[in-house]
Amino acid sequence: MNSATNMYSVVLFHSTNYAIWASNILKRNSVEHKMIPVPRHLSSDCGYCVRFLSKDRDIVYDLLMNNGVLFDKIEEI
Amino acid sequence: MRNYLSTRWGIIFTGAVIGVIAVTLQKLGNPANMGICVACFERDMAGSLGLHRAEVVQYMRPEIAGLVLGSFLVALVKKEYQPRGGSSTIIRFFLGVFAMIGALVFLGCPWRALLRFSGGDWNAIAGLLGLAIGIAIGVAFLKNGYNLGRSYKLKKSAGWVFPAFMAALVIMVALNFRVSETGPLFFSEKGPGSQHAPLIISIIAGIIIGILAQRSRFCTMGSIRDIILAKDFHLASGVIALVISAFVFNFLYGQFKPGFEGQPIAHTAHIWNFAGMVLAGLAFALAGGCPGRQLILSGEGDSDAAVFVMGMIVGAGISHNFMLASSPAGVGAFGPAAVAIGLIFCLIIGFTMREKVS
(Lines give C-alpha, C1' and ligand atoms only; values in the text may rest on other atoms or scores of the structure.)
Protein backbone atom coordinates (compact mmCIF):
# COMPACT_ATOMS: atom_id res chain seq x y z
CA MET A 1 0.00 0.00 0.00
CA ASN A 2 3.00 2.31 -0.17
CA SER A 3 2.30 3.00 -3.84
CA ALA A 4 0.22 6.11 -4.54
CA THR A 5 -1.08 4.57 -7.77
CA ASN A 6 -4.48 3.56 -6.46
CA MET A 7 -4.80 6.06 -3.64
CA TYR A 8 -7.12 9.02 -3.78
CA SER A 9 -6.75 12.61 -2.76
CA VAL A 10 -9.35 15.34 -2.57
CA VAL A 11 -9.25 19.08 -3.20
CA LEU A 12 -11.34 21.02 -0.69
CA PHE A 13 -12.93 24.34 -1.63
CA HIS A 14 -14.62 27.21 0.17
CA SER A 15 -17.73 27.06 -2.00
CA THR A 16 -19.47 24.67 -4.36
CA ASN A 17 -18.97 26.71 -7.52
CA TYR A 18 -15.19 26.35 -7.21
CA ALA A 19 -15.59 22.57 -7.01
CA ILE A 20 -17.71 22.65 -10.18
CA TRP A 21 -15.19 24.96 -11.87
CA ALA A 22 -12.30 22.66 -10.92
CA SER A 23 -14.21 19.63 -12.19
CA ASN A 24 -14.84 21.37 -15.52
CA ILE A 25 -11.12 22.16 -15.90
CA LEU A 26 -10.02 18.61 -15.02
CA LYS A 27 -12.57 17.21 -17.46
CA ARG A 28 -11.25 19.43 -20.27
CA ASN A 29 -7.73 18.19 -19.54
CA SER A 30 -8.78 14.52 -19.33
CA VAL A 31 -7.71 14.13 -15.70
CA GLU A 32 -9.62 11.26 -14.09
CA HIS A 33 -11.66 12.63 -11.17
CA LYS A 34 -15.08 12.73 -9.52
CA MET A 35 -16.96 15.48 -7.72
CA ILE A 36 -18.17 14.04 -4.40
CA PRO A 37 -19.66 15.34 -1.13
CA VAL A 38 -16.85 16.22 1.28
CA PRO A 39 -15.91 13.11 3.32
CA ARG A 40 -17.41 13.47 6.77
CA HIS A 41 -14.09 13.01 8.56
CA LEU A 42 -12.54 15.98 6.75
CA SER A 43 -15.22 18.59 7.30
CA SER A 44 -18.69 18.95 8.74
CA ASP A 45 -19.85 21.10 5.82
CA CYS A 46 -22.53 20.03 3.35
CA GLY A 47 -20.20 20.96 0.50
CA TYR A 48 -18.44 19.22 -2.34
CA CYS A 49 -14.87 18.36 -3.17
CA VAL A 50 -13.06 16.86 -6.14
CA ARG A 51 -11.52 13.41 -5.74
CA PHE A 52 -8.63 12.34 -7.97
CA LEU A 53 -5.85 9.73 -8.07
CA SER A 54 -3.03 10.78 -5.77
CA LYS A 55 -0.49 10.17 -8.55
CA ASP A 56 -2.04 13.13 -10.43
CA ARG A 57 -1.53 15.54 -7.52
CA ASP A 58 1.02 17.74 -9.29
CA ILE A 59 -1.05 17.92 -12.48
CA VAL A 60 -4.20 18.86 -10.52
CA TYR A 61 -2.32 21.43 -8.45
CA ASP A 62 -0.83 23.09 -11.55
CA LEU A 63 -4.14 23.13 -13.45
CA LEU A 64 -5.99 24.74 -10.56
CA MET A 65 -3.24 27.30 -9.90
CA ASN A 66 -2.81 28.18 -13.59
CA ASN A 67 -6.54 28.72 -14.02
CA GLY A 68 -6.92 30.76 -10.84
CA VAL A 69 -9.25 28.32 -9.08
CA LEU A 70 -9.16 29.15 -5.38
CA PHE A 71 -9.04 26.08 -3.16
CA ASP A 72 -8.65 25.43 0.54
CA LYS A 73 -6.31 22.44 0.57
CA ILE A 74 -5.48 19.06 -0.93
CA GLU A 75 -5.68 16.01 1.32
CA GLU A 76 -5.08 12.32 0.85
CA ILE A 77 -7.99 10.11 1.82
CA MET B 1 -11.47 7.54 15.48
CA ARG B 2 -13.85 6.22 12.85
CA ASN B 3 -17.19 8.00 12.77
CA TYR B 4 -19.64 5.14 12.33
CA LEU B 5 -22.54 7.52 11.71
CA SER B 6 -20.83 8.94 8.63
CA THR B 7 -21.01 5.56 6.87
CA ARG B 8 -23.86 4.34 4.67
CA TRP B 9 -25.28 2.30 7.54
CA GLY B 10 -24.83 5.28 9.84
CA ILE B 11 -27.00 7.56 7.72
CA ILE B 12 -29.59 4.79 7.33
CA PHE B 13 -29.60 4.35 11.11
CA THR B 14 -30.04 8.11 11.60
CA GLY B 15 -32.95 8.32 9.16
CA ALA B 16 -34.63 5.30 10.72
CA VAL B 17 -34.26 6.70 14.25
CA ILE B 18 -35.69 10.09 13.22
CA GLY B 19 -38.67 8.27 11.70
CA VAL B 20 -39.29 6.16 14.81
CA ILE B 21 -38.87 9.07 17.21
CA ALA B 22 -41.13 11.36 15.17
CA VAL B 23 -43.95 8.85 14.91
CA THR B 24 -43.60 7.95 18.58
CA LEU B 25 -43.81 11.63 19.54
CA GLN B 26 -47.13 11.71 17.68
CA LYS B 27 -48.27 8.75 19.75
CA LEU B 28 -47.21 10.63 22.89
CA GLY B 29 -49.10 13.80 22.07
CA ASN B 30 -47.55 15.74 19.18
CA PRO B 31 -49.96 16.63 16.34
CA ALA B 32 -50.77 14.00 13.72
CA ASN B 33 -48.13 13.51 11.00
CA MET B 34 -46.13 16.21 12.84
CA GLY B 35 -43.94 14.28 15.24
CA ILE B 36 -41.09 16.52 14.13
CA CYS B 37 -41.60 19.41 11.74
CA VAL B 38 -38.97 22.11 11.84
CA ALA B 39 -41.12 24.64 9.97
CA CYS B 40 -44.30 23.97 11.99
CA PHE B 41 -42.42 23.92 15.28
CA GLU B 42 -40.58 27.17 14.55
CA ARG B 43 -43.98 28.63 13.60
CA ASP B 44 -45.34 27.48 16.98
CA MET B 45 -42.33 29.07 18.68
CA ALA B 46 -42.95 32.33 16.83
CA GLY B 47 -46.53 32.18 18.10
CA SER B 48 -45.43 31.47 21.64
CA LEU B 49 -43.14 34.52 21.55
CA GLY B 50 -46.03 36.63 20.26
CA LEU B 51 -44.65 37.20 16.77
CA HIS B 52 -48.04 36.13 15.44
CA ARG B 53 -51.45 35.74 17.03
CA ALA B 54 -52.76 32.58 15.41
CA GLU B 55 -54.10 31.14 18.66
CA VAL B 56 -54.07 27.49 17.58
CA VAL B 57 -50.37 27.34 16.78
CA GLN B 58 -48.53 28.69 19.81
CA TYR B 59 -46.16 26.48 21.80
CA MET B 60 -42.48 26.73 22.64
CA ARG B 61 -41.49 23.44 21.00
CA PRO B 62 -38.61 21.91 22.98
CA GLU B 63 -37.63 19.60 20.11
CA ILE B 64 -36.16 22.53 18.17
CA ALA B 65 -33.94 23.59 21.06
CA GLY B 66 -33.03 19.94 21.59
CA LEU B 67 -31.83 19.63 18.01
CA VAL B 68 -29.56 22.67 18.35
CA LEU B 69 -28.27 21.71 21.79
CA GLY B 70 -27.66 18.08 20.81
CA SER B 71 -25.64 19.21 17.83
CA PHE B 72 -23.81 21.81 19.94
CA LEU B 73 -22.84 19.32 22.64
CA VAL B 74 -21.63 16.58 20.32
CA ALA B 75 -19.76 19.09 18.16
CA LEU B 76 -17.95 20.33 21.28
CA VAL B 77 -17.09 16.81 22.41
CA LYS B 78 -15.94 15.73 18.95
CA LYS B 79 -14.00 18.95 18.38
CA GLU B 80 -16.16 19.94 15.41
CA TYR B 81 -17.44 23.12 17.02
CA GLN B 82 -16.30 25.82 14.60
CA PRO B 83 -17.69 29.32 15.05
CA ARG B 84 -18.02 30.78 11.57
CA GLY B 85 -20.12 33.26 9.62
CA GLY B 86 -20.10 36.30 7.42
CA SER B 87 -21.48 34.80 4.23
CA SER B 88 -24.20 37.05 2.77
CA THR B 89 -26.03 37.34 6.07
CA ILE B 90 -29.03 39.41 4.99
CA ILE B 91 -29.65 37.23 1.95
CA ARG B 92 -29.66 34.12 4.14
CA PHE B 93 -32.15 35.83 6.48
CA PHE B 94 -34.62 36.48 3.67
CA LEU B 95 -34.07 33.03 2.18
CA GLY B 96 -35.20 31.80 5.60
CA VAL B 97 -38.23 34.10 5.53
CA PHE B 98 -39.34 32.89 2.10
CA ALA B 99 -38.51 29.25 2.88
CA MET B 100 -40.94 29.48 5.79
CA ILE B 101 -43.59 31.22 3.69
CA GLY B 102 -43.36 28.41 1.11
CA ALA B 103 -43.35 25.68 3.76
CA LEU B 104 -46.44 27.14 5.46
CA VAL B 105 -48.34 27.27 2.15
CA PHE B 106 -47.68 23.51 1.93
CA LEU B 107 -47.93 23.05 5.73
CA GLY B 108 -44.65 21.40 6.57
CA CYS B 109 -40.91 21.21 6.15
CA PRO B 110 -39.28 18.35 4.17
CA TRP B 111 -39.23 16.19 7.32
CA ARG B 112 -42.98 16.65 7.76
CA ALA B 113 -43.56 16.09 4.04
CA LEU B 114 -41.92 12.68 4.51
CA LEU B 115 -43.89 12.02 7.72
CA ARG B 116 -47.16 13.04 6.04
CA PHE B 117 -46.40 10.65 3.19
CA SER B 118 -45.50 7.89 5.66
CA GLY B 119 -48.80 8.45 7.44
CA GLY B 120 -50.81 8.03 4.23
CA ASP B 121 -51.39 11.73 3.45
CA TRP B 122 -51.06 11.60 -0.33
CA ASN B 123 -51.26 15.42 -0.55
CA ALA B 124 -47.62 15.29 0.50
CA ILE B 125 -46.70 13.82 -2.90
CA ALA B 126 -47.30 17.16 -4.63
CA GLY B 127 -45.20 18.83 -1.93
CA LEU B 128 -42.33 16.37 -2.30
CA LEU B 129 -42.40 16.78 -6.08
CA GLY B 130 -42.32 20.55 -5.62
CA LEU B 131 -39.42 20.20 -3.19
CA ALA B 132 -37.42 18.18 -5.74
CA ILE B 133 -38.15 20.69 -8.51
CA GLY B 134 -37.16 23.62 -6.29
CA ILE B 135 -33.90 21.92 -5.37
CA ALA B 136 -33.24 21.05 -9.04
CA ILE B 137 -33.61 24.75 -9.91
CA GLY B 138 -31.18 25.56 -7.10
CA VAL B 139 -28.69 22.98 -8.42
CA ALA B 140 -28.93 24.57 -11.88
CA PHE B 141 -27.89 27.85 -10.26
CA LEU B 142 -25.02 26.08 -8.45
CA LYS B 143 -23.81 24.67 -11.75
CA ASN B 144 -23.79 28.16 -13.19
CA GLY B 145 -21.63 29.63 -10.48
CA TYR B 146 -24.12 30.60 -7.77
CA ASN B 147 -22.68 30.99 -4.30
CA LEU B 148 -23.17 33.22 -1.30
CA GLY B 149 -19.45 33.67 -0.69
CA ARG B 150 -17.26 31.89 1.80
CA SER B 151 -17.69 32.06 5.55
CA TYR B 152 -14.93 33.06 7.95
CA LYS B 153 -13.78 31.82 11.33
CA LEU B 154 -15.27 33.79 14.18
CA LYS B 155 -14.47 34.13 17.87
CA LYS B 156 -15.67 31.28 20.10
CA SER B 157 -18.47 33.33 21.63
CA ALA B 158 -20.09 33.94 18.22
CA GLY B 159 -21.06 30.29 18.06
CA TRP B 160 -22.45 30.22 21.59
CA VAL B 161 -25.14 32.83 21.01
CA PHE B 162 -27.68 30.70 19.20
CA PRO B 163 -27.43 27.59 21.40
CA ALA B 164 -27.68 29.90 24.43
CA PHE B 165 -30.84 31.47 22.98
CA MET B 166 -32.31 28.00 22.51
CA ALA B 167 -31.35 26.98 26.05
CA ALA B 168 -33.05 30.12 27.37
CA LEU B 169 -36.25 29.23 25.52
CA VAL B 170 -36.22 25.71 26.99
CA ILE B 171 -35.76 27.13 30.48
CA MET B 172 -38.64 29.54 29.89
CA VAL B 173 -41.00 26.78 28.80
CA ALA B 174 -39.84 24.49 31.62
CA LEU B 175 -40.63 27.23 34.14
CA ASN B 176 -43.92 27.99 32.35
CA PHE B 177 -42.68 31.58 32.07
CA ARG B 178 -45.32 34.20 31.35
CA VAL B 179 -45.17 37.97 31.41
CA SER B 180 -48.85 38.06 32.37
CA GLU B 181 -51.65 35.53 32.76
CA THR B 182 -52.28 35.55 29.03
CA GLY B 183 -48.63 35.60 27.94
CA PRO B 184 -46.15 35.76 26.34
CA LEU B 185 -45.13 33.01 26.35
CA PHE B 186 -48.39 32.14 24.62
CA PHE B 187 -49.63 28.56 24.75
CA SER B 188 -52.49 27.32 22.58
CA GLU B 189 -55.49 25.89 24.43
CA LYS B 190 -56.83 24.13 21.34
CA GLY B 191 -55.55 23.11 17.91
CA PRO B 192 -52.12 21.75 16.95
CA GLY B 193 -50.32 24.11 19.35
CA SER B 194 -52.08 22.51 22.31
CA GLN B 195 -50.96 19.02 21.27
CA HIS B 196 -47.55 18.05 22.51
CA ALA B 197 -45.60 15.18 24.02
CA PRO B 198 -44.36 15.56 27.62
CA LEU B 199 -41.72 18.29 27.86
CA ILE B 200 -38.83 16.14 29.01
CA ILE B 201 -39.46 13.53 26.33
CA SER B 202 -39.57 16.22 23.64
CA ILE B 203 -36.26 17.68 24.80
CA ILE B 204 -34.53 14.29 24.96
CA ALA B 205 -35.95 13.33 21.53
CA GLY B 206 -34.61 16.57 20.06
CA ILE B 207 -31.18 16.09 21.61
CA ILE B 208 -30.90 12.50 20.33
CA ILE B 209 -31.83 13.57 16.80
CA GLY B 210 -29.47 16.55 17.06
CA ILE B 211 -26.55 14.28 18.00
CA LEU B 212 -27.28 11.74 15.26
CA ALA B 213 -27.87 14.37 12.57
CA GLN B 214 -24.68 16.24 13.48
CA ARG B 215 -22.56 13.11 13.29
CA SER B 216 -24.16 11.83 10.07
CA ARG B 217 -24.86 15.23 8.37
CA PHE B 218 -28.41 14.11 7.60
CA CYS B 219 -30.03 16.58 5.19
CA THR B 220 -33.18 16.12 3.09
CA MET B 221 -32.32 18.95 0.70
CA GLY B 222 -28.77 17.63 0.41
CA SER B 223 -30.07 14.16 -0.46
CA ILE B 224 -31.79 15.43 -3.60
CA ARG B 225 -29.00 17.89 -4.44
CA ASP B 226 -26.35 15.16 -4.15
CA ILE B 227 -28.28 12.87 -6.50
CA ILE B 228 -28.61 15.60 -9.14
CA LEU B 229 -25.16 17.15 -8.78
CA ALA B 230 -22.92 14.19 -7.99
CA LYS B 231 -25.10 11.08 -8.53
CA ASP B 232 -24.45 10.35 -4.85
CA PHE B 233 -27.15 8.44 -2.95
CA HIS B 234 -25.59 8.51 0.52
CA LEU B 235 -27.94 11.05 2.10
CA ALA B 236 -30.90 9.72 0.10
CA SER B 237 -30.52 6.34 1.77
CA GLY B 238 -31.10 8.04 5.13
CA VAL B 239 -34.19 9.81 3.84
CA ILE B 240 -35.61 6.52 2.49
CA ALA B 241 -34.89 4.88 5.86
CA LEU B 242 -36.87 7.66 7.56
CA VAL B 243 -39.88 7.04 5.33
CA ILE B 244 -39.79 3.26 5.79
CA SER B 245 -39.36 3.35 9.58
CA ALA B 246 -42.05 6.02 9.96
CA PHE B 247 -44.41 3.99 7.77
CA VAL B 248 -43.81 0.79 9.77
CA PHE B 249 -44.34 2.49 13.13
CA ASN B 250 -47.36 4.48 11.88
CA PHE B 251 -48.82 1.14 10.85
CA LEU B 252 -48.01 -0.48 14.20
CA TYR B 253 -49.47 2.47 16.15
CA GLY B 254 -52.61 2.52 13.98
CA GLN B 255 -51.71 5.98 12.68
CA PHE B 256 -51.58 5.08 8.98
CA LYS B 257 -54.65 6.59 7.28
CA PRO B 258 -54.27 6.70 3.49
CA GLY B 259 -56.09 9.24 1.34
CA PHE B 260 -56.30 12.85 0.20
CA GLU B 261 -59.35 14.14 2.06
CA GLY B 262 -59.53 14.91 5.77
CA GLN B 263 -55.82 14.54 6.42
CA PRO B 264 -54.58 16.19 9.63
CA ILE B 265 -53.26 19.75 9.30
CA ALA B 266 -53.24 19.53 5.51
CA HIS B 267 -55.21 20.81 2.53
CA THR B 268 -55.92 19.41 -0.91
CA ALA B 269 -54.95 22.40 -3.08
CA HIS B 270 -52.37 20.36 -4.98
CA ILE B 271 -51.05 23.23 -7.07
CA TRP B 272 -50.20 25.22 -3.97
CA ASN B 273 -48.83 22.21 -2.12
CA PHE B 274 -46.51 21.89 -5.11
CA ALA B 275 -45.69 25.57 -5.59
CA GLY B 276 -45.15 26.24 -1.89
CA MET B 277 -42.53 23.53 -1.76
CA VAL B 278 -40.90 24.65 -5.02
CA LEU B 279 -40.26 27.95 -3.25
CA ALA B 280 -39.10 26.25 -0.04
CA GLY B 281 -36.85 23.78 -1.92
CA LEU B 282 -35.26 26.55 -3.95
CA ALA B 283 -34.63 28.64 -0.83
CA PHE B 284 -33.12 25.62 0.98
CA ALA B 285 -30.85 24.87 -1.97
CA LEU B 286 -29.70 28.48 -2.26
CA ALA B 287 -29.01 28.56 1.50
CA GLY B 288 -27.24 25.19 1.48
CA GLY B 289 -29.44 23.05 3.72
CA CYS B 290 -32.94 21.98 4.75
CA PRO B 291 -34.41 23.52 7.94
CA GLY B 292 -33.27 20.58 10.06
CA ARG B 293 -29.74 20.80 8.72
CA GLN B 294 -29.69 24.56 9.38
CA LEU B 295 -30.50 23.89 13.05
CA ILE B 296 -27.70 21.32 13.25
CA LEU B 297 -25.22 23.72 11.62
CA SER B 298 -26.35 26.45 14.03
CA GLY B 299 -25.41 24.15 16.89
CA GLU B 300 -21.96 23.58 15.36
CA GLY B 301 -21.30 27.32 15.50
CA ASP B 302 -22.43 28.31 12.00
CA SER B 303 -23.98 31.72 12.57
CA ASP B 304 -25.02 31.97 8.90
CA ALA B 305 -27.27 28.95 9.47
CA ALA B 306 -28.55 30.54 12.70
CA VAL B 307 -29.50 33.64 10.74
CA PHE B 308 -31.44 31.45 8.30
CA VAL B 309 -33.30 29.92 11.27
CA MET B 310 -34.12 33.37 12.64
CA GLY B 311 -35.37 34.27 9.16
CA MET B 312 -37.67 31.26 9.28
CA ILE B 313 -39.03 32.24 12.72
CA VAL B 314 -39.69 35.82 11.58
CA GLY B 315 -41.11 34.41 8.33
CA ALA B 316 -43.62 32.42 10.37
CA GLY B 317 -44.77 35.63 12.04
CA ILE B 318 -45.15 37.31 8.65
CA SER B 319 -46.96 34.28 7.23
CA HIS B 320 -49.69 34.31 9.85
CA ASN B 321 -49.97 38.08 10.32
CA PHE B 322 -50.32 38.69 6.57
CA MET B 323 -52.62 35.71 5.88
CA LEU B 324 -50.08 33.83 3.79
CA ALA B 325 -50.14 30.54 5.70
CA SER B 326 -52.50 27.74 4.71
CA SER B 327 -54.84 25.92 7.08
CA PRO B 328 -56.90 22.72 6.74
CA ALA B 329 -59.57 25.02 5.20
CA GLY B 330 -57.25 25.82 2.31
CA VAL B 331 -54.60 28.24 1.11
CA GLY B 332 -54.28 31.61 2.85
CA ALA B 333 -55.73 34.67 1.11
CA PHE B 334 -52.37 36.07 0.05
CA GLY B 335 -50.37 32.81 0.06
CA PRO B 336 -50.21 32.44 -3.74
CA ALA B 337 -49.02 36.04 -4.18
CA ALA B 338 -46.36 35.53 -1.51
CA VAL B 339 -45.14 32.34 -3.22
CA ALA B 340 -44.80 34.28 -6.48
CA ILE B 341 -42.88 37.09 -4.76
CA GLY B 342 -40.66 34.53 -3.02
CA LEU B 343 -39.86 32.76 -6.28
CA ILE B 344 -38.98 36.09 -7.92
CA PHE B 345 -36.72 36.93 -4.97
CA CYS B 346 -34.96 33.56 -5.15
CA LEU B 347 -34.51 33.79 -8.93
CA ILE B 348 -33.00 37.26 -8.64
CA ILE B 349 -30.59 35.99 -5.96
CA GLY B 350 -29.78 32.91 -8.06
CA PHE B 351 -29.01 34.93 -11.17
CA THR B 352 -27.10 37.74 -9.49
CA MET B 353 -24.96 35.93 -6.88
CA ARG B 354 -22.71 34.21 -9.40
CA GLU B 355 -19.02 33.64 -10.00
CA LYS B 356 -17.06 32.05 -12.81
CA VAL B 357 -17.30 28.25 -13.18
CA SER B 358 -15.84 27.52 -16.63
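Residues numbered from 1 in each chain as written. Chains lettered and ligands numbered in written order. Predicted model: local features only at pLDDT ≥ 70, side-chain atom pairs only at ≥ 80, totals over all residues.

1. A short note on the overall build of chain A
Line of reasoning, step 1. Along the backbone of chain A there are 2 helices and 4 strands.
Line of reasoning, step 2. Counting from the amino terminus, helix and strand elements in chain A follow one another as β-α-β-β-α-β.
Line of reasoning, step 3. Across the 77 residues that make up chain A, the buried fraction comes to 39%.
Line of reasoning, step 4. Taking contacts inside chain A between residues at least 6 apart in sequence as the whole, the part at least 24 apart equals 71%. (Helix = DSSP H or I, 4+ residues; strand = E, 2+ residues; numbered from the N terminus. Buried ≥ 20, exposed ≤ 12 C-beta atoms within 10 Å, placed from the backbone. Contact = placed C-beta atoms within 7 Å.)

2. Considering the overall build of chain B
Line of reasoning, step 1. A tally of helices and strands in chain B yields 14 helices and 2 strands.
Line of reasoning, step 2. Relative to its length of 358 residues, chain B is compact, with a C-alpha radius of gyration of 19 Å against a globular reference of 21 Å.
Line of reasoning, step 3. Dimensions of chain B, computed from the C-alpha atoms along their principal axes, are close to 55 × 45 × 40 Å.
Line of reasoning, step 4. Considering chain B as a whole, with its 358 residues, one finds that 59% of them fall into the buried category.
Line of reasoning, step 5. Counted over contacts in chain B with a minimum sequence separation of 6, partners at least 24 positions apart contribute 83%. (Rg over C-alpha atoms; globule rule 2.2 N^0.38 Å.)

3. Observations concerning the environment of B:Pro110
Line of reasoning, step 1. Positionally, B:Pro110 belongs in helix α5 (residues 110-118).
Line of reasoning, step 2. Placed 70 residues apart in sequence, B:Pro110 and B:Cys40 show a C-alpha to C-alpha distance of 11 Å.

4. Details of unusual backbone geometry
All names here are of chain B.
Line of reasoning, step 1. Of note, the amide linkage connecting Gly183 to Pro184 takes the cis form, showing an omega dihedral of 0°.
Line of reasoning, step 2. Locating Pro184 in the fold gives a position in the loop between α7 (156-174) and α8 (199-216).
Line of reasoning, step 3. The residue after Pro184, namely Leu185, is reached through a cis peptide bond having omega 0°.
Line of reasoning, step 4. Within the secondary structure, Leu185 is located in the loop between α7 and α8.
Line of reasoning, step 5. Even without glycine at this site, Ser88 takes up a positive phi of about 45°.
Line of reasoning, step 6. Despite not being glycine, Met323 has its phi angle at roughly 55°, a positive value.
Line of reasoning, step 7. Structurally, Met323 is set in the loop between α13 (303-321) and α14 (335-352).

5. Observations concerning the interface of chain A and chain B
Line of reasoning, step 1. Contacts between the two partners involve 15 residues from chain A, matched on the other side by 24 residues from chain B.
Line of reasoning, step 2. The greatest single-element share of the side of chain A that touches chain B, amounting to 5 residues, is contributed by helix α1 (residues 16-28) of chain A.
Line of reasoning, step 3. Taken together, the residues of the side of chain A that touches chain B break down into 7 nonpolar, 7 polar and 1 charged. (Nonpolar A, V, L, I, M, F, W, Y, C, P; charged D, E, K, R; others polar.)

6. Let's talk about the nonpolar core
Line of reasoning, step 1. The biggest cluster of nonpolar side chains holds 140 residues, and the ones touching the most others in it are A:Ala22, B:Phe98, B:Leu104, B:Leu279 and B:Ala283.
Line of reasoning, step 2. Residue contributions to this core peak at 13 residues, all from helix α11 (residues 270-287) of chain B.
Line of reasoning, step 3. Ignoring sequence-local partners within four residues, the contact set of B:Phe98 consists of B:Leu279, B:Ala283, B:Gly315, B:Gly342, B:Phe345 and B:Cys346. (Core = buried A, V, L, I, M, F, W, Y, C linked by C-beta atoms within 7 Å.)

7. Description of the packing of helix α4 (residues 89-106) of chain B against α13(B)
Residues and elements named next belong to chain B.
Line of reasoning, step 1. Between α4 and α13, whose axes approach to 7 Å, the crossing angle comes to 45°. Classified by the interaxial angle, the pair formed by α4 and α13 is oblique. α4 and α13 meet at a crossing whose hand is right-handed. Between α4 and α13, the contacting residues are Thr89, Arg92, Phe93, Phe94, Leu95, Gly96, Val97, Phe98, Ala99, Met100, Ile101 and Leu104 on the first element and Asp304, Val307, Phe308, Val309, Met310, Gly311, Met312, Val314, Gly315, Ala316, Ile318 and Ser319 on the second.
Line of reasoning, step 2. Taken together, the residues of the contact of α4 with α13 break down into 17 nonpolar, 5 polar and 2 charged. (Axes fitted to C-alpha atoms, helices over the stretch in contact; angles between N-to-C directions. Parallel < 35°, antiparallel > 145°, perpendicular 65-115°, else oblique. Left-handed = near helix turned anticlockwise from the far one by under 90°.)

8. Some words on α7(B)
All names here are of chain B.
Line of reasoning, step 1. Between its first and last C-alpha atoms α7 spans 28 Å; for 19 residues at 1.5 Å apiece the expected length is 27 Å, and the two agree.
Line of reasoning, step 2. Remark: the principal bend of α7, roughly 30°, maps to Phe162, with a proline, Pro163, within the next four residues.
Line of reasoning, step 3. If you check which residues of α7 are buried, you get Gly159, Phe162, Pro163, Met166, Leu169, Val170 and Val173.
Line of reasoning, step 4. Where α7 is buried, its residues meet α3 (62-77), α8, α12 (291-299) and α13.
Line of reasoning, step 5. Within two residues after α7, Asn176 carries a phi angle of roughly 55°, on the positive side. (Expected span 1.5 Å × (residues − 1). Bend = angle between axes of the 7 residues up to and from the residue.)

9. Description of the confidence of the model for chain A
Line of reasoning, step 1. Here chain A averages 85 in pLDDT, while 87% of its residues score no lower than 70.
Line of reasoning, step 2. For chain A, the element scoring lowest by mean pLDDT is strand β4 (residues 73-76) of chain A, at 89; helix α2 (residues 57-66) of chain A scores highest, at 94. (pLDDT = per-residue confidence, 0-100.)

10. What about the sheet that holds β4(A)?
Residues and elements named next belong to chain A.
Line of reasoning, step 1. Strand order in the open sheet formed by 4 strands is β2-β3-β1-β4, and the pairing between neighbours is antiparallel. This sheet does not close on itself; its edge strands, each paired only once, are β2 (33-37) and β4. With direction set aside, neighbouring strand axes in the sheet form an average angle of 30°.
Line of reasoning, step 2. Two strands pair when backbone bridges link them, and β2 and strand β3 (residues 48-53) are joined in this way by 5 bridges, in the antiparallel orientation. In the strand pairing of β3, Lys34 is matched with Arg51.
Line of reasoning, step 3. Sitting on the sheet, α1 touches β1 (8-12), β2 and β3, and the angle it makes with β3 is about 30°. (Pairing = 2+ DSSP bridges.)

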